[in-house]
Amino acid sequence: MDLLLLEKALLALFFAATVAVAISRLRRKRFKLPPGPIPVPVFGNWLQVGDNLNHRVLAKLAKKYGDIFVLRMGQQNLVIVSSPELAKEVLKTQGVEFGSRTRSVVFDIFSGDGQDMTFAAYGDHWRKMRRIMTVPFFTSKVVPQYSRSWEEEAASMVEEFRKNPQASTNGIGVRIRLQLLMHNNIYRIMFDKTFEGENDPLFVNLHDLNIKRAVLAHSLAYNYGDFIPIFRPFLRGYLNICKETNEKRLQVFDFFIQERKNVIASSTIKRRDNQGLRFPGIDHILEAQEKGEINEENVRYIVENVNIGGIDTVTRSLEWAIAELANNPEVQKKLQLELDTVLERGLQITEPDTHKLPYLLAVIKETLRLRMALPLLVPHMNINDAKLDGYDIPAESRISVNAWWLANNPAHWKDPEQFRPDRFLEEESHVQVNGNDFRYIPFGVGRRSCPGIVMALPIFCITLGRLVQNFDILVPPGQSEIDTAERAGQFSLHILKPYKVVFKPRSI
Ligand code: HEM
């Protein structure tokens, strides 16, 4: 059976090769493509450049081919943009032309074929979804509504670390605990729900499924199915696991949605009657469904997008920040001094304080510069043929902005490889997180930029601030530093190995 499949695939490959050569000849005549390595038929540049096109590999290729170059990956064009000027062109000036998302066999499954917002093509559906999600999740109102609960979550983590003798001696792992904190922060906003602890069966199940989804979606193992569609039959097993994982996650989301529907049905207070009360975000989404603006699938995928957009990005960034502070004690001391000086003795940081702590913000900015959660943003796409920097960009090209390189290019930054938050108080003091300078765009810019920035920053400030106020964060005994080797996925960046760190209580 497999041999038959292989035979068919090879036959199809032969025809595809012939067609590809013919098409590429035609294309060469029609298009003035950006520079790049010379592609071979069928495989394009895939065999030359490999699968692992992470931000560092792409930065090296940019040095060779320039600020804009194209890689032909099988049948897909991958256009890489590596200068602030061209990033502005893609994200802002031609934000509509380049405002769609690429299709991918795996992301098609995890987005229900674009029923969500994050992977939807630029157009009416995306606009409607973004509008409906903005009111409950992405306006500045979420901050006063939820900052108390973000403070409580951070306080409860601090308390646990204080009580754990391992934390102050040999050190403890932080990843799962940070995941719990972020699941609680996000589920409170969505469903007015929190989990009882790392062993709460609901949390264990949801967390496992979220991690599984992230690993499957960010793996490089399925690229060939996107590059050369006739190879897709070989991906059947992988795609089945994706479908199964997706189904299980949707069932978990359905559980929370149904639970909330039951509460709404039994409540006498209706959301629209009581603007003063705090209602979880899902109420607003269900109201949009009731009005017929969106369907049940859209509701499920909104929950999915908030899970993926909100939890992993902040967790991983906090994980990086803690590692950097352990490895850079002088930065940590300076941050403690700021917190001790600005806040009255014994007072724990709350959201309003975050606006008067410039060094804390600088530490967070520096973490997001050096260890950008999404170093290539989320891939963009042009639905129609387009022009960029005088070159032709064929329709449906995948456009990756190498945001990490923009923020780490030594031509634009002093000693970019150093973790030095002071840069944001000195030579880069004008640089904000909202993209006022196209060298620094960790949240993207323009139409498809991150709407979650409104909650991500205060949660980051409160959580990191509380940890640094309460503990000296130290490398475990016998170790010289935390290993900060990176693991890059399709477009994400994580710390490679989960690490242990010591939290030695401070008296404040
Ligand atoms: C450190 C935290 C975060 C970082 C660094 C980050 C970064 C980003 C980036 C780079 C993009 C893509 C921009 C582009 O393609 O041009 C994005 C999109 C998005 N983010 Fe975030 N994000 C963070 C937190 C959050 C949070 C907390 C939420 C929600 C609760 C969220 C929800 C989203 C959504 C829904 C999109 C898709 C927007 C669209 O396609 O229209 N993010 N984020």
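Only a predicted model underlies this, so the values are computations on that prediction, with no experimental measurement involved. (Residues numbered from 1 in each chain as written. Predicted model: local features only at pLDDT ≥ 70, side-chain atom pairs only at ≥ 80, totals over all residues.)

### Examining the overall build of the protein
Working step 1: Helices and strands together make up the secondary structure of the protein, namely 18 helices and eleven strands.
Working step 2: Against the 2.2 N^0.38 benchmark of 23 Å for 508 residues, the protein shows a C-alpha radius of gyration of 24 Å, consistent with a compact globule.
Working step 3: Projected onto its principal axes, the C-alpha positions of the protein cover 75 × 60 × 45 Å.
Working step 4: Burial analysis of the protein (508 residues in total) assigns 44% to the buried set.
Working step 5: Pairs at least 24 apart in sequence give 74% of the contacts found in the protein among residues at least 6 apart. (Helix = DSSP H or I, 4+ residues; strand = E, 2+ residues; numbered from the N terminus. Rg over C-alpha atoms; globule rule 2.2 N^0.38 Å. Buried ≥ 20, exposed ≤ 12 C-beta atoms within 10 Å, placed from the backbone. Contact = placed C-beta atoms within 7 Å.)

### Notes on the site of the ligand
Working step 1: Every one of the 27 residues lining the ligand counts as a neighbour, but Gly-309, Gly-310, Gly-444, Cys-450 and Gly-452 are closest to it.
Working step 2: Broken down by secondary-structure element, the contributors of at least two residues to the shell around the ligand are helix H6 (124-138), helix H14 (296-327) and helix H18 (453-470).
Working step 3: Considering each element in turn, the shell around the ligand owes the most residues, seven residues, to H14.
Working step 4: For the shell around the ligand, the class distribution of residues is 16 nonpolar, nine polar and two charged. (Near = placed C-beta within 6 Å. Nonpolar A, V, L, I, M, F, W, Y, C, P; charged D, E, K, R; others polar.)

### Re the sheet that holds strand E1 (residues 68-73)
Working step 1: Spatially, the four strands line up as an open sheet ordered E1-E2-E7-E4, and their pairing is mixed. Looking at strand neighbours, the two that pair on one side only are E1 and strand E4 (380-381), the edges of this open sheet.
Working step 2: Bridge count between strand E2 (residues 76-81) and strand E7 (residues 398-401): four bridges; the pairing is parallel. Along E7, the bridge assignment pairs Val-81 with Val-401.
Working step 3: Sheet strands in contact with helix H4 (residues 84-93) are E1, E2, E4 and E7, and its direction is about 130 degrees off that of E7. (Pairing = 2+ DSSP bridges. Axes fitted to C-alpha atoms, helices over the stretch in contact; angles between N-to-C directions.)

### Topic: the sheet that holds strand E3 (residues 172-173)
Working step 1: The antiparallel open sheet is built from three strands, whose spatial order is E3-E11-E8. Among the strands making up the open sheet, the edge pair consists of E3 and strand E8 (471-474).
Working step 2: Taken together, the four bridges between E8 and strand E11 (residues 500-505) define a ladder with antiparallel strand orientation. Within E11, the position partnered with Ile-473 by the bridge is Phe-503.

### Quick look at the packing of H6 against helix H13 (residues 281-290)
Working step 1: Across the interface, H6 lies against H13 with an axial gap of 8 Å and an inter-helix angle of 160 degrees. With respect to each other, H6 and H13 are oriented roughly antiparallel. Where H6 crosses over H13, the handedness of that crossing is right-handed. Facing Ile-132, Val-135, Pro-136 and Phe-137 of H6, the residues of H13 in contact are Gly-281, His-284, Ile-285 and Ala-288.
Working step 2: Residue composition of the contact of H6 with H13, by class: six nonpolar, two polar and no charged. (Parallel < 35°, antiparallel > 145°, perpendicular 65-115°, else oblique. Left-handed = near helix turned anticlockwise from the far one by under 90°.)

### Quick look at the packing of H13 against H14
Working step 1: At a minimum axis separation of 10 Å, H13 and H14 run at an interaxial angle of 160 degrees. Between H13 and H14, the crossing angle belongs to the class labelled roughly antiparallel. Considering how the two elements wind past one another, H13 and H14 form a crossing that is right-handed. Mapping the contact onto sequence places Ile-285, Leu-286 and Gln-289 in H13 and Glu-296, Val-299 and Ile-302 in H14.

### A word on the UniProt feature "binding site: heme" (unreviewed entry) in the protein
Working step 1: The UniProt record annotates "binding site: heme" (unreviewed entry) at Cys-450.
Working step 2: By the secondary structure assignment, Cys-450 is in the loop between helix H17 (403-406) and H18.
Working step 3: The exposure class assigned to Cys-450 is buried, which follows from the 24 C-beta atoms found within 10 Å.
Working step 4: The residues touching Cys-450, leaving out its near neighbours within four places in the chain, are Phe-443 and Gly-444. (UniProt positions renumbered as here; feature names shortened; annotations may be inferred.)

### Observations regarding H4
Working step 1: Three or more residues of H4 are buried, namely Leu-86, Ala-87, Glu-89, Val-90 and Leu-91. Seen along its axis, H4 keeps its buried residues to an arc of 170 degrees; they face one direction.
Working step 2: Looking at the packing, one finds that the buried side of H4 touches E1, E2, E4, strand E5 (386-388), E7 and H17. (Arc of directions from axis to C-beta.)

### Section: the environment of Asp-392
Working step 1: Residue placement: Asp-392 occurs in strand E6 (residues 391-393).
Working step 2: The partly exposed category is assigned to Asp-392, around which 16 C-beta atoms lie within 10 Å.
Working step 3: When sequence neighbours within four positions are dropped, the list of residues in contact with Asp-392 reads Phe-31, Lys-32, Leu-33, Asp-385 and Lys-387.

### A word on helix H9 (residues 175-191)
An α-helical segment advances 3.6 residues per turn. Residues three or four places apart therefore align on the same side.
Working step 1: Over its 17 residues, H9 runs 23 Å from end to end, which matches the ideal 24 Å to within 8%, given 1.5 Å per residue.
Working step 2: Phi for Asp-192, located one or two positions after H9, is positive at around 55 degrees. (Expected span 1.5 Å × (residues − 1).)

### Comments concerning the environment of His-125
Working step 1: Position of His-125 among the secondary structure elements: in helix H6.
Working step 2: Among the residues examined, His-125 registers 16 C-beta atoms within 10 Å and is labelled partly exposed.

### Structural notes on unusual backbone geometry
Working step 1: You will see that Val-42, though not glycine, has its phi angle at about 65 degrees, which is positive.
Working step 2: Mapped onto the elements, Val-42 comes out in the loop between helix H1 (2-30) and helix H2 (46-49).
Working step 3: With 21 C-beta atoms counted inside 10 Å, the residue Val-42 sits in the buried group.
Working step 4: Of note in this structure, Asp-389 is not a glycine but carries a positive phi near 55 degrees.

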